[in-house]
Amino acid sequence: MMEVCNCIEPQWPADELLMKYQYISDFFIAVAYFSIPLELIYFVKKSAVFPYRWVLVQFGAFIVLCGATHLINLWTFTTHSRTVALVMTTAKVLTAVVSCATALMLVHIIPDLLSVKTRELFLKNKAAELDREMGLIRTQEETGRHVRMLTHEIRSTLDRHTILKTTLVELGRTLALEECALWMPTRTGLELQLSYTLRQQHPVEYTVPIQLPVINQVFGTSRAVKISPNSPVARLRPVSGKYLLGEVVAVRVPLLHLSNFQINDWPELSTKRYALMVLMLPSDSARQWHVHEMELVEVVADQVAVALSHAAILEESMRARDLLMEQNVALDIARREAETAIRARNDFLAVMNHEMRTPMHAIIALSSLLQETELTPEQRLMVETVLKSSSLLATLMNDVLDLSRLEDGSLQLELGTFNLHTLFREVLSLIKPIAVVKKLPITLNLAPDLPEFVVGDEKRLMQIILNIVGNAVKFSKQGSISVTALVTKSDNRAPPDFFVVPTGSHFYLRVKVKDMGAGINPQDIPKLFTKFAQTQSLATRSSGGSGLGLAISKRFVNLMEGNIWIESDGVGKGCTAIFDVKLGISNESKQSGIPKVPANPQHANFAGLKVLVMDENGVSRMVTKGLLIHLGCEVTMVSSSEECLRVVSHEHKVVFMDVCTPGVENYQIALRIHEKFTKRHQRPLLVALTGNTDKSTKEKCMSFGLDGVLLKPVSLDNMRNVLSDLLEHRVLYEAM
Amino acid sequence: MNTVVAQLQRQFQDYLVSLYQQGFLDNQFTELRKLQDEGTPDFVAEVVSLFFDDCSKLINTMSRSLERPENVDFKQVDSGVHQLKGSSSSVGARRVKNVCISFKECCDVQNREGCLRCLQQVDYEYKMLKTKLQDLFNLEQRILQAGGMIPQVNIS
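Bear in mind the structure is a predicted one, so any value in this text is a computation, not a measurement.

Participant: I'd like a description of the nonpolar core, backed by residues and values.
Facilitator: The biggest cluster of nonpolar side chains holds 70 residues, and the ones touching the most others in it are A:Phe656, B:Phe29, B:Phe103 and B:Leu133. Examining the composition of this core, we find that 11 residues originate from one element, helix H6 (residues 112-145) of chain B, more than from any other. A:Phe656 has contacts with A:Val611, A:Leu612, A:Val613, A:Met614, A:Leu628, A:Val687, A:Leu689, A:Leu710, A:Met719 and A:Leu723, leaving out every residue within four places of it along the chain. Core analysis: the second largest hydrophobic core is formed by 45 residues, A:Val427, A:Val473, A:Val487 and A:Val581 among them.

In structure tokens form, the structure reads like this:
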């Protein structure tokens, strides 16, 4: 029997060498196949990121099986049993399955793995980009910081030079400039002058004309403009040879004017004045102007413009304030000078008043006396002339002095009650002689409702009427003169259409003086009331006068709250002078003021009037008592203030007290009496008897509550009038 | 009889006018005379005699004050002068009043010599006036006794 072994015969002849090589290769392959998964496991364990672990497992299995296959192959080179062959076959089958599965799996996996790689690349790019952007933002933030710092530096001062210098310095530092310069327009505006530079301490002052194209280009836009380093504005230093000049940028700086600023509004850039700022990068560096740097420059230029205008405003206001202070000082000096001048004039007037009037009065008085004596006709004529001239002179002096007092405003009207009708008649009787001589009939018309007794300044009203009527007579050669007086309520120039009953206590008196004389040219009318002016056509040497009359009359009329004006139809047609003055109506039906001796010396109204007389001087006490007894009063006498206070009672209607004893304050009595009698109607009237009635004494009396002041020695008439006034009005305004 | 009265009256008038003209009297005296009427026939005489008494008293006081040169009380002298001035102006004693004015000035500057001089003058003046007025009153009495009336004299 042949031994049948379950051995498998190899297919090929057992070539010893080839077989050996195959044996070795298979062995190494197996080793490699077993080690690869180990390595994979090791490294996968190390890294945490690998996503496809089960793929690895699969792959590992595949490789292990391949390795196993190859390993088992080693046994097939020699005769091997069937089991080996079986194992081999199984291994191979498994390997085939796994490897197919793996292959199928890889079809899915590998694109994924590839895409991971592309994502990685993408992310790297992104990171690089972000880095770049970060760099940019940082630069910008730096720039912003620089601008803020620059602005702060610039705006922290209000001095123009500091502002500009600081600008250049800070810009130079921020941007690391080589040179920085500012060109300002000259006063004429036709040139730009190099005003400030950064590096050079004493810039050579030279100018360029403003109409250069490069300058126009820069001024034309609000942006920073790159200009050529060779342009005249950029040639700030002598060119030192072969170096490559750095890039130059120029920007305009608007010089805003005060008038550009409107409240709550942005300034209008209507100004055409710009300054030029030129910035040069360091030469021979490869630096270029970046956009953000140019933006920085623009912003700075704007800030500088605002800072400059603020400085300008401040300068302006300081200058205005200095000017005002100067003016104030000057005005003060002028005012003081004016005051001094007025005082000097018043002093002068006061002196002249007295000094001039005294000799004047002497001349007039003595001339009048001389007239009374026996004179030859020639002498008489001479004396009359002297009298007339001196009267005129006296009137002139009075007029001038009056006028200056009027202009000062220091003249006050002396009000009193008087008879208006009588006043007119007096005026007329004064003027009649002259009018008769000149054959000019004068008529007087008094309106029926013209009050008879009025309150006003009698003397001055007479002066006004005399002046006007006198002028009418003076300047008329023929015709008649009519004087009309009526009441008018309104003070406008239209004549009243109806007679208004004067209500209240005042009325306006209107006086019209019409003449048919020379008339006045309407153009000359305004001049009439000016001082010292006389129209040529009217002035004749024979009509004297100073030309002051009308001016003074106008002032008086104004003081009386009235109006005066002249109407004329022309030369030769006569004229009408009209004036209104305000007068008070007196509610007394009887005359008061000018005392007349009454027929009956004994007075019923004083009968039994209880009075108290206090006087330390026995003689004057007795005289006063006699006076009062004569008037019918019942007199009690006391000789001291204590006695007076003791004796005084509400029965006494008047207390006369002597206050001129020196060293004793009798005024206190007045206060004590006031205290004693609180009800006004019970208190007796208090009158002071004193030796002088100057203003201070009167004021003193008033301040102590006295009702009146009397000058000693008192005459009978005086006392009578005083008593009647006192009892009627309860107070005495004037008593002398 | 009438002619005697008329003569006396004329004498009286002339005398009175001369007193005014010589400056012894002024307006105030006229006023005083106005106050005299049937109710008070002796008013002027009373006032005037009171005045003269006052004068002598004041002059005595003042001369005592001015006696010792080292101890002059000018205050008292001043008040005396003031009184005298007031009285003299109340009766119309013009000359006396004028002397009082100068007297006061001397007193203000404390001039003893001046004061003494003024005092002497005042004394002289008031005594003179007293004599004159005495004569006047005598004339008045004679007129009244003769049955006439005291004429009203207008002094302009």
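So, next bit.
Participant: Quick rundown of the pattern of salt bridges? Include the residues and the values.
Facilitator: Evaluation of the coordinates by the stated rule reveals 22 salt bridges over all chains. Here A:Glu120 ties to A:Lys117 by a salt bridge, and the two come within 3.5 Å at their closest N and O atoms. With A:Glu120 and A:Lys117 both in helix H3 (residues 82-155) and three residues apart, the pair spans about one turn of that helix. Its relative accessible area of 37% is what places A:Glu120 among the partly exposed residues. The partner of B:Asp78 in a salt bridge is B:Lys104, and the shortest N-O contact between them spans 3.3 Å. Of the two residues, B:Asp78 is situated in helix H4 (residues 74-91) and B:Lys104 in helix H5 (residues 94-108); the sequence distance between them amounts to 26 residues.

Participant: How would you explain the sheet that holds strand E5 (residues 248-254) of chain A if you had to name every residue and give the values?
Facilitator: Residue and element names in this part refer to chain A. Strands sit in the order E3-E2-E1-E6-E5-E4 across an open sheet of six strands; the sheet is antiparallel. Only two strands of the sheet have a single neighbouring strand rather than two, namely strand E3 (207-209) and strand E4 (225-227). Averaged over all neighbouring strand pairs, the angle between strand axes comes to 30°, with direction disregarded. As defined by bridge partners, E5 adjoins strand E6 (residues 274-280) across seven bridges and the pair is classed as antiparallel. Within E6, the position partnered with Val249 by the bridge is Leu279. Sheet strands in contact with helix H6 (residues 291-372) are E4, E5 and E6, and its direction is about 25° off that of E5.

Participant: Lay out the pairing of strand E9 (residues 453-456) of chain A in plain terms, naming residues and giving numbers.
Facilitator: Residues and elements named next belong to chain A. Pairing between strand E7 (residues 416-419) and E9: four bridges, direction antiparallel. Looking at E9, one finds that Gly416 is bridged to Gly456. Examined bridge by bridge, E9 and strand E13 (residues 575-585) share two bridges and lie antiparallel to one another. Bridging across to E13, Val455 finds its partner in Gly584.

Participant: So what about the environment of A:Thr697? Which residues, and what values?
Facilitator: Tracing the chain through its elements places A:Thr697 in helix H15 (residues 695-703). Along the chain, A:Thr697 and A:Val709 lie 12 residues apart, while their C-alpha atoms are 8.7 Å from each other.

Participant: Lay out the packing of helix H3 (residues 43-65) of chain B against H4(B) in plain terms, naming residues and giving numbers.
Facilitator: Residue and element names in this part refer to chain B. One way to put it is that H3 packs onto H4 with a least axis distance of 10 Å and a crossing angle of 165°. The angle between H3 and H4 places the two elements in the roughly antiparallel class. Classified by chirality, the crossing of H4 by H3 is left-handed. Across the interface between the two elements, Val47, Phe51, Asp54, Cys55, Leu58, Thr61, Met62 and Ser65 of H3 pack against Gln76, Val77, Gly80, Val81, Gln83, Leu84, Ser87, Ser88 and Val91 of H4.

About the criteria used
Residues numbered from 1 in each chain as written. Chains lettered and ligands numbered in written order. Predicted model: local features only at pLDDT ≥ 70, side-chain atom pairs only at ≥ 80, totals over all residues. Heavy atoms only, no water. Core = buried A, V, L, I, M, F, W, Y, C linked by side-chain atoms within 4.5 Å. Buried < 20%, exposed > 50% of the residue type's maximum accessible area, 1.4 Å probe, protein only. Helix = DSSP H or I, 4+ residues; strand = E, 2+ residues; numbered from the N terminus. Contact = heavy atoms within 4.5 Å. Salt bridge = Lys/Arg side-chain N within 4 Å of Asp/Glu carboxyl O. Pairing = 2+ DSSP bridges. Axes fitted to C-alpha atoms, helices over the stretch in contact; angles between N-to-C directions. Parallel < 35°, antiparallel > 145°, perpendicular 65-115°, else oblique. Left-handed = near helix turned anticlockwise from the far one by under 90°.

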